[in-house]
Amino acid sequence: MAGDVKGGDLEDFEVEVNDGEVILDIIHRIQATQASDLAVRWNCKAGKCGSCSAEINGRPG
């Protein structure tokens, strides 16, 4: 990710996805291995409130 107070750029990342992972797992992996400046807010990963899920290609995931 590249950005500052004036704006930022979108960047694509390719990652392996394993059975049972949620989008939060993938975001944490990207943060740990490819984009240490990626900021993420998260909660309990229980899947009840939606903070660990996202809409991906028009479908919840």
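Everything below is about the structure shown above.
Residues numbered from 1 in each chain as written. Predicted model: local features only at pLDDT ≥ 70, side-chain atom pairs only at ≥ 80, totals over all residues. Heavy atoms only, no water.

Here's the deal with the overall build of the chain
On a plain count of helices and strands, the chain comes out with 1 helix and 4 strands. Scanning the chain from its N terminus toward the C terminus, one meets helices and strands in the order β-β-α-β-β. Out of the 61 residues belonging to the chain, those deemed buried represent 11%. Contacts in the chain between residues at least 24 apart in sequence constitute 22% of all its contacts with a sequence separation of at least 6. (Helix = DSSP H or I, 4+ residues; strand = E, 2+ residues; numbered from the N terminus. Buried < 20%, exposed > 50% of the residue type's maximum accessible area, 1.4 Å probe, protein only. Contact = heavy atoms within 4.5 Å.)

Some remarks on the pattern of salt bridges
Under the criterion given, the structure shown has 1 salt bridge. The closest approach of N and O atoms between glutamate 21 and arginine 29, which form a salt bridge, is 2.2 Å. Overall, the relative accessible area of 27% leaves arginine 29 in the partly exposed class. (Salt bridge = Lys/Arg side-chain N within 4 Å of Asp/Glu carboxyl O.)

Here's the deal with the environment of glutamate 21
For glutamate 21, the location among the structural elements is in the loop between strand S2 (7-9) and helix H1 (23-33). For glutamate 21, a relative accessible area of 24% translates into the label partly exposed. Other than its neighbours up to four places away in sequence, glutamate 21 contacts Glu16, Ile26 and Arg29. One polar contact links the side chain of glutamate 21 to the main-chain amide nitrogen of asparagine 18, over a distance of 2.6 Å. (Polar contact = N/O pair within 3.5 Å; in protein donor to acceptor, adjacent residues only side chain to side chain.)

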